[in-house]
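Chains, contacts and geometry: an overview
Spelled out, the chains give:
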Amino acid sequence: MSILYFLIGCSVLLALIFLGAFFWAQHDGQHDDMYTPSVRILLDDKPIENTEK
Amino acid sequence: MQPEKFYYDNKIVRNFGIATIVWGIIGMMVGLLAAMQLFKPDMNLGNQYTTFGRIRPLHTNAVIFAFVGNAIFMGVYYSLQRLLKARMFSDLLSSIHFWGWQLIILSAVATLPLGLTTSHEYAELEWPIDIAITLIWVVFGINMFGTIIKRRERHMYVAIWFYIATFVTIAVLHIVNSFELPISAFKSYYLFAGVQDALVQWWYGHNAVAFFLTTPYLGMMYYFLPKMANRPVYSYKLSILHFWSLIFIYIWAGPHHLLYTSLPSWAQSLGVAFSIMLIAPSWGGMINGLLTLRGAWDKVRDDVILKFMVVGLTAYGMATFEGPMLSLKQINAIGHFTDWIIAHVHVGALGWNGFLTFAILYWLIPRMYGTQLFSKKMASFHFWIGTLGILFYAVPLYWAGFTQGLMLKEFTPEGLLKYPNFLESTMRILPMHVMRSIGGAMYLTGVIVMAYNLSRTMLQGKLISNEAAEAMPLEKMSDYYGETRHRFLERKPIQMMIVALVVILIGSAIELIPTLTISSNIPTIASVKPYTPLELEGRDIYIREGCVGCHSQTVRPFRSETERYGDYSKAGEFVYDHPFLWGSKRTGPDLHREGGKYGNAWHYNHMMDPRLMSPGSIMPNYDWLISQKLDTTATADKINAMRKLGVPYPDGFEKIANADLNKQAKAIADDLGKNGIKVKSDKEIVAVIAYLQRLGTDIKVKPANK
């Protein structure tokens, strides 16, 4: 059943990649603001028409 | 700083959307055909290309990778651009991704009915297609990460995290489950055998559900549901929490597909424990979705799109509650191998994946075409007939599953099997199979109505191929971090350590694979011998015909099974099985102890027309096995390949393999002749009979007088 060790290795590897991603996200401030992002996605980025002329 | 003007690519989203609809209808039609074959054998249409064994993988591949796959790319390409405030990284890569994926699907449509299959569920496609999938997946990855790098929004919304997890995990799973040794252009053997192969397959199989049918859809839910309801997600914090916990826990739930098999029991328990833990993060997603609609339920009453979302989320909640329950050993003992599992996956597939896809299509298409939906009434009809279809599909199958699971376990007061003939349980559930296909047909009707409705919508509008948008460019990292920049350097050792660890692990894994596989293939049961060349050829026909779709080859250690089939299966019996053929469903009886149960003539007649030997059987006829000549040109290559994988054929055996094959075939043909059946020894049926008669006999105690 040596395959178990290989698969566990793969799973741990994936988990470590995810852990790395989590640390990066934490460090990058991705989790600092837990409210604004949920509202921001509702806003569309339509170009502002030049109406001043 | 000046805002930058740019354009979102809607054309690629539209293309994936159309592909989703077209493949959805095709995949579901094939599913309906397969469903009808399960109560009316005539629906196998009397030819080998449309028998259940070959059609079933076509159905699963079409709905998973063609319907859901295209829907994922549609949702990702639409939401990713808007969440990152950037056009996709490269239009060329988008286009390669789209056409490459459609070609892969077409190659599946071409190869699966021909019987070109690896037999691993949801990974049936042969090795050249596996390579193509890997390449296209990499194209998708480059395109996605390229877009992330050139984004104009520093914060990455939770949906993007789900997409990233999907990409990374599917890549690893697909590669590990595609370790195959090619023999010819469309035939290969898996590197691993027996129990090990089973574990790899279900490690993949379950995570395919997790990271192809679940995480991308959760990501899409987190973008589209707030957009549809025009209100923020209930709790952004919860979404982050359940994302990280979900991806950490999901990866090791696979062994719950192998409960009571010869997989080491600690690995089984590990699978059960992780499956139970999964309830929390799964329900986190469902609750977050449903609560997003708090205070907006009046909208649900009027808006058919939100109705689809609510039913979809509810189906997700039900399926992710039922999954952990089914992975409890006591419940699994009844449910496994029965229609219960088919009902379970279809609640997830039809409800969660299907309904979310429809909702997104109804929301996206009018928007991208600058128009309104052609008919709200038709969409409403689709919703109701689809919901009823799910109920008509799932409820009868739950019923069928309980009925069959319990019947097969029932003993009389005297301690004998109450239903010793497996067929009795099959006949009892046929009405439920009829009901199920009615449910499926209702669901499909809804999809066809949607296709018409959306085509009319597209015709009355005009595609906005490039949608203009404006956003501020991203600040430079140094400005962004300002004073805290030195902290980045401080953290570097930790990052370095993680990177180093990852690199080391990759290296050792690559180094370990060959050593591990070879040493582990040493047989643990001395009486278990490799297949003879004829049996090996017969086994490959068994794989080609998809017999594994209806017949398991693993007897669980229950008295009800050892009484019915024979001694329970041991790990050491499967060491030469590249691939393993344990199966996951018993539409017919288990075959692991089939060898020697019936005479050769019985098998011959049964294959020609199963109803001759078992009146009422729903197995298709396999009469072409009688007329087709066995192809023995690759026998030597097969023996060589097997030897490379650790099967101890003596040196030079490949040279005399076909002579050995002919000798064994002649003996079987002679025996058939004695029973009044005239058949040439070079027909495929002879090889199949040889294989079936070998099954499970190696460890049978032979009577002393024989």
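Here the structure is a predicted model, which is why all the values come from computation and not from measurement. (Residues numbered from 1 in each chain as written. Chains lettered and ligands numbered in written order. Predicted model: local features only at pLDDT ≥ 70, side-chain atom pairs only at ≥ 80, totals over all residues.)

Looking at the overall build of chain B
- Helix and strand counts for chain B stand at 26 helices and 4 strands.
- Taken over C-alpha atoms, the radius of gyration comes to 27 Å for chain B, in line with the 27 Å a tight globule of 706 residues would show.
- Across its three principal axes, chain B shows a C-alpha extent of roughly 95 × 60 × 50 Å.
- Residues classed as buried in chain B amount to 50% of the 706 residues present.
- Of all intrachain contacts in chain B linking residues separated by at least 6 positions in sequence, the fraction that spans at least 24 positions is 83%. (Helix = DSSP H or I, 4+ residues; strand = E, 2+ residues; numbered from the N terminus. Rg over C-alpha atoms; globule rule 2.2 N^0.38 Å. Buried ≥ 20, exposed ≤ 12 C-beta atoms within 10 Å, placed from the backbone. Contact = placed C-beta atoms within 7 Å.)

Examining the packing of helix α24 (residues 635-644) of chain B against helix α25 (residues 653-674) of chain B
Residues and elements named next belong to chain B.
- Closest axis-to-axis distance for the α24/α25 pair is 8 Å, and the angle between their directions is 125 degrees. The angle between α24 and α25 falls in the class oblique. Relative to α25, the crossing made by α24 is right-handed. Every residue of α25 that contacts α24 at Thr635, Ala636, Ile639 and Asn640 is listed here: Phe653, Glu654, Ala657, Asn658 and Leu661.
- Of the residues belonging to the contact of α24 with α25, the class tally is 5 nonpolar, 3 polar and 1 charged. (Axes fitted to C-alpha atoms, helices over the stretch in contact; angles between N-to-C directions. Parallel < 35°, antiparallel > 145°, perpendicular 65-115°, else oblique. Left-handed = near helix turned anticlockwise from the far one by under 90°. Nonpolar A, V, L, I, M, F, W, Y, C, P; charged D, E, K, R; others polar.)

Let's talk about helix α6 (residues 194-229) of chain B
Residues and elements named next belong to chain B.
- Given a rise of 1.5 Å per residue, 36 residues ought to cover 52 Å, and the 50 Å separating the end C-alpha atoms of α6 matches this to within 8%.
- Where α6 bends most, the angle comes to about 30 degrees, and this point is asparagine 207.
- With 34 of its 36 residues buried, α6 lies for the most part within the structure.
- Positioned one or two residues after α6, asparagine 230 has a phi angle of 55 degrees, which is positive. (Expected span 1.5 Å × (residues − 1). Bend = angle between axes of the 7 residues up to and from the residue.)

Focus: the interface of chain A and chain B
- In this assembly, 31 residues from chain A lie in contact with 47 residues from chain B.
- At the level of secondary structure, the elements contributing two or more residues to the side of chain A that touches chain B comprise α1 (2-28) and α2 (36-40) of chain A.
- Looking at the side of chain A that touches chain B residue by residue, the class counts come to 21 nonpolar, 8 polar and 2 charged.

Digging into the domain arrangement of chain B
- Domains assigned within chain B are domain 1 (4-408 + 420-465), domain 2 (484-520) and domain 3 (533-694).
- In this structure, domain 1 of chain B and domain 2 of chain B have C-alpha centres spaced 32 Å apart. (Domains from an automatic or database assignment.)

Overview of the environment of Pro232(B)
- Checked against the element boundaries, Pro232(B) lands in the loop between α6 and α7 (236-250).
- Pro232(B) sits in the partly exposed class, given 17 other C-beta atoms within 10 Å.
- For the pair formed by Pro232(B) and Ala66(B), sequence separation is 166 residues and the distance between their alpha carbons is 31 Å.
- If we ignore the near neighbours within four places in the chain, the residues touching Pro232(B) are Ser38(A), Val39(A), Leu42(A) and Pro226(B).

Digging into the packing of helix α1 (residues 11-37) of chain B against helix α15 (residues 422-460) of chain B
Residue and element names in this part refer to chain B.
- Direction vectors running N to C along α1 and α15 enclose 160 degrees, while the axes themselves pass 10 Å from each other. With respect to each other, α1 and α15 are oriented roughly antiparallel. Relative to α15, the crossing made by α1 is left-handed. Residues Ile21, Gly24, Ile25, Met28, Met29, Gly31, Leu32, Ala35 and Met36 of α1 pack against Arg436, Ser437, Gly440, Ala441, Leu444, Val447, Ile448, Ala451 and Leu454 of α15.

Points about unusual backbone geometry
Residues and elements named next belong to chain B.
- With omega at -5 degrees, the peptide bond leading from histidine 578 into proline 579 counts as cis.
- Within the secondary structure, proline 579 sits in the loop between α20 (559-564) and α21 (600-608).
- Of note, the phi angle at asparagine 230 is positive, near 55 degrees, even though the residue is not glycine.
- Relative to the helices and strands, asparagine 230 is located in the loop between α6 and α7.
- The residue phenylalanine 337 is not glycine, and still its phi comes out positive at about 75 degrees.
- Here phenylalanine 337 shows up in the loop between α12 (329-335) and α13 (339-368).
- Judged by the 23 C-beta atoms lying within 10 Å of it, phenylalanine 337 falls in the buried class.

A short note on the environment of Leu408(B)
All names here are of chain B.
- Among the secondary structure elements, leucine 408 is positioned in the loop between α14 (376-407) and α15.
- Assessed through the 22 C-beta atoms surrounding it within 10 Å, leucine 408 is described here as buried.
- With 255 residues separating them in the primary sequence, leucine 408 and lysine 663 have C-alpha atoms 40 Å apart.
- With residues up to four places along the chain from it excluded, the contact list for leucine 408 reads Tyr419, Ser425 and Ser560.

Notes on the pairing of strand β3 (residues 187-190) of chain B
Residues and elements named next belong to chain B.
- Neither face of β3 is left uncovered, since the one carrying Lys187 and Tyr189 and the one carrying Ser188 and Tyr190 both have all their residues buried.
- Relative to β3, strand β2 (residues 180-184) runs antiparallel, the two being bridged by 4 bridges. In the sheet register, leucine 181 faces β3, and the bridge partner there is tyrosine 189. (Pairing = 2+ DSSP bridges.)

Focus: the environment of Pro3(B)
Residue and element names in this part refer to chain B.
- Topologically, proline 3 is positioned in the segment before β1 (4-9).
- For the pair formed by proline 3 and leucine 328, sequence separation is 325 residues and the distance between their alpha carbons is 56 Å.
- Excluding residues that lie within four positions of it along the chain, proline 3 makes contacts with Glu470, Ala471 and Met472.

Details of the confidence of the model for chain B
All names here are of chain B.
- Of the residues in chain B, 92% have a pLDDT of 70 or more, and the chain-wide mean is 91.
- Across chain B, element-level confidence peaks in α1 with a mean pLDDT of 98 and bottoms out in helix α17 (residues 485-490) with 45.
- Note on the complex model: pTM 0.92, ipTM 0.80. (pLDDT = per-residue confidence, 0-100.)

A closer look at the nonpolar core
Residue and element names in this part refer to chain B.
- Formed by 202 residues in total, the largest nonpolar core has its most connected members in Tyr77, Ala159, Leu199, Ala359 and Val688.
- Sort the elements by how many residues they give to this core and α6 lands first, with 22 residues.
- Inspection of this core shows a minimum of three residues originating in each of domain 1 (4-408 + 420-465) and domain 3 (533-694).
- Those residues in contact with alanine 359, other than ones at most four positions away along the chain, are Ile305, Phe308, Met309 and Gly312. (Core = buried A, V, L, I, M, F, W, Y, C linked by C-beta atoms within 7 Å.)

Side note on helix α26 (residues 684-694) of chain B
All names here are of chain B.
- For α26, the buried fraction is high: 10 of the 11 residues fall into the buried class.
- Turning to α26, its buried residues number three or more, namely Glu684, Ile685, Val686, Ala687, Val688, Ile689, Ala690, Tyr691, Leu692 and Arg694.
- On its buried side, α26 packs onto α19 (533-544), α21, α23 (624-627) and α25.
- Once α26 finishes, glycine 696 follows within two positions and takes phi at roughly 70 degrees, a positive value.

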